[in-house]
Amino acid sequence: MTDRDPFQSLWTQQPQEPFSMTAADLARRSARFQSTIRRRNITEYAAAALVIGVFGWMAWLIPVPAVKTGAVLVILGALYVCWKLHVLAGAGTPDAAAPLADFHRNELLRQRSALAGVWKWYLAPFVPGILVFIGGVAFAEDAGVPLSAGVMLFATSAGFVAALFAAIWWLNQQAVAALDREIAALDAGAK
Amino acid sequence: MTPTPDQDARYREAAETFGPALQRLAGAFEANAERRRDLLQDIHVALWRSLAAFDGRCSLKTWVYRVAHNTAASHVDRERRRHQGAVSLEAAADLPAPLSLAADLEASDALARLHAWIRALKPPDRQLLTLYLEDLAAAEIADITGLTPGAVATRISRLKTQLAADFKEPAR
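Computed from a predicted model, the values in this text were never measured in an experiment. (Residues numbered from 1 in each chain as written. Chains lettered and ligands numbered in written order. Predicted model: local features only at pLDDT ≥ 70, side-chain atom pairs only at ≥ 80, totals over all residues.)

## A closer look at the overall build of chain A
Along chain A, the regular secondary structure elements total 7 helices and 0 strands. Put simply, chain A runs from its N terminus to its C terminus through helices and strands in the order α-α-α-α-α-α-α. Radius of gyration (C-alpha) of chain A: 25 Å, far over the 16 Å computed for a compact globule of 191 residues. Overall size of chain A, expressed as C-alpha extent along the three principal axes, is 85 × 45 × 25 Å. With 191 residues in all, chain A has 14% of them scored as buried. (Helix = DSSP H or I, 4+ residues; strand = E, 2+ residues; numbered from the N terminus. Rg over C-alpha atoms; globule rule 2.2 N^0.38 Å. Buried ≥ 20, exposed ≤ 12 C-beta atoms within 10 Å, placed from the backbone.)

Listed below in structure tokens is the structure:
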């Protein structure tokens, strides 16, 4: 590849714009990057805090033991998700100086792992709390609702939540399958 | 992050030696002028940060190209989530109005078209072609990309053939 073709000449002789970054510029932009990550993490924790606040308020307000228990379980689920987000966020930054194929493959694997595990660490922790909560609401003794209506309310609410969770899981599985195809293509191209 | 003297010195050396190549690389990965400048700054920052951990596992040249390309690929990945733009090498052949390189070599149109052609490639092909255009040897490209030299040669040959066909110029 020592033979210089016209495209190489065209490419390397293209005009350049003046560009330089001082040490202060580099440090400032680097700090900005860190603060962007911090802001993103704060947004995620704020969403969890909202869930905890709303369900905490309901646990305090609603005098039905099953509803209180359900709300507390939802709060515990949200706390678990927060801890998991914290662990994932602290999992380390990718090795920027890795060979390009390895870097790309590792990024794809990282995305795949996060998406494939969504059911386990993002959805499942809320399931017990939600089921107990809606069960408590549907079968509350002092609500005066007939058992059949309670069963219907419970089934409808649980069905809605199950459909929502299934849709999230299905979308993630599609994304995982697409990543698997991309990884397979990458592996095939590396040979 | 507290910079070390080695980090700053290595960065200055890298920026001085490879600055023009990094600017061309940003141009190959981002068409929008403002985002291109952002990408170039991100590349320089990533390079500066990475050099704090420079461990001599490869030459400074290989290190610089790896960090720069990985940063650019991540940029493309982020942009791709926002806009679906990249097409395959095969699809790039369908880009409109092939021009004659011989006639347009001196014209900015040829460079603009070359940029558009490169940006239409998927990131791995884009990386290979820009490294080839920087006149790096196949072994250096293999070291930077992590591909085998055989895979590098085959894919660059395909890219050159396709590029030459689109510009109506025989591959060399």
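Next, the rest of the story.
## Structural notes on the interface of chain A and chain B
Residue-level contacts link 32 residues of chain A with 42 residues of chain B. At the level of secondary structure, the elements contributing two or more residues to the side of chain A that touches chain B comprise α1 (6-12), α2 (23-61) and α4 (100-116) of chain A. Among the elements that take part in the side of chain A that touches chain B, α1(A) stands out by supplying 6 residues, more than any other. Looking at the side of chain A that touches chain B, its residues break down into 18 nonpolar, 7 polar and 7 charged. (Contact = placed C-beta atoms within 7 Å. Nonpolar A, V, L, I, M, F, W, Y, C, P; charged D, E, K, R; others polar.)

## A look at the packing of helix α7 (residues 123-133) of chain B against helix α9 (residues 149-166) of chain B
Residue and element names in this part refer to chain B. Closest axis-to-axis distance for the α7/α9 pair is 10 Å, and the angle between their directions is 85°. The pairing of α7 with α9 is recorded here as roughly perpendicular in orientation. Across the interface between the two elements, D125, L128, L129 and Y132 of α7 pack against V152, R155, I156 and L159 of α9. (Axes fitted to C-alpha atoms, helices over the stretch in contact; angles between N-to-C directions. Parallel < 35°, antiparallel > 145°, perpendicular 65-115°, else oblique.)

## Let's talk about unusual backbone geometry
The phi torsion of most residues other than glycine is negative, and most of the peptide bonds are trans. Residue and element names in this part refer to chain B. Positive phi, close to 70°, is recorded for D135, a residue that is not glycine. Tracing the chain through its elements places D135 in the loop between α7 and α8 (138-145). We classify D135 as partly exposed; it has 17 C-beta atoms within 10 Å.

## Looking at the domain arrangement of chain B
Residues and elements named next belong to chain B. Partitioning chain B into domains gives domain 1 (1-85) and domain 2 (87-172). Domain 1 puts 13 residues into the contact, and the matching count from domain 2 is 12 residues. Secondary structure elements with two or more residues in the side of domain 1 that touches domain 2: α1 (5-29) and α3 (60-82). Classifying every residue of the side of domain 1 that touches domain 2 by side-chain character gives 9 nonpolar, 3 polar and 1 charged. (Domains from an automatic or database assignment.)

## Describing the confidence of the model for chain B
Where the model shows low pLDDT, its predicted coordinates should not be examined in detail. Residue and element names in this part refer to chain B. For chain B, mean pLDDT is 83; residues scoring 70 or higher make up 80% of the total. When mean pLDDT is compared element by element in chain B, α8 scores highest at 94, while helix α4 (residues 89-92) scores lowest at 46. Considering only residues more than four positions removed or in separate chains, one finds that residues 85-100, a stretch of pLDDT under 50, has 31 contacts. Both scores are available for the predicted complex, with the pTM at 0.74 and the ipTM at 0.80. (pLDDT = per-residue confidence, 0-100.)

## Remarks on the nonpolar core
Of all hydrophobic cores here, the largest spans 49 residues; its most connected members are I43(B), L47(B) and A68(B). Counting residues domain by domain, this core receives three or more from each of domain 1 (1-85) and domain 2 (87-172) of chain B. (Core = buried A, V, L, I, M, F, W, Y, C linked by C-beta atoms within 7 Å.)

## What about the confidence of the model for chain A?
Of the residues in chain A, 94% reach a pLDDT of 70 or more, and the chain-wide mean stands at 86. The secondary structure element of chain A with the lowest average pLDDT is α4(A), at 86, and the one with the highest is helix α6 (residues 127-138) of chain A, at 92.

## Notes on the environment of E141(A)
By the element assignment, E141(A) lies in the loop between α6 and α7 (147-189). Placed 77 residues apart in sequence, E141(A) and V64(A) show a C-alpha to C-alpha distance of 8.7 Å.

## Quick look at α6(A)
All names here are of chain A. Over its 12 residues, α6 extends 16 Å from the first C-alpha to the last, a length consistent with the 16 Å expected when each residue adds 1.5 Å. Residues G129, I130, F133, I134, V137 and A138 constitute the buried set of α6. For α6, the arc enclosing every buried residue in end-on projection is 155°, short of the 170-degree limit, so these residues lie on one face. (Expected span 1.5 Å × (residues − 1). Arc of directions from axis to C-beta.)

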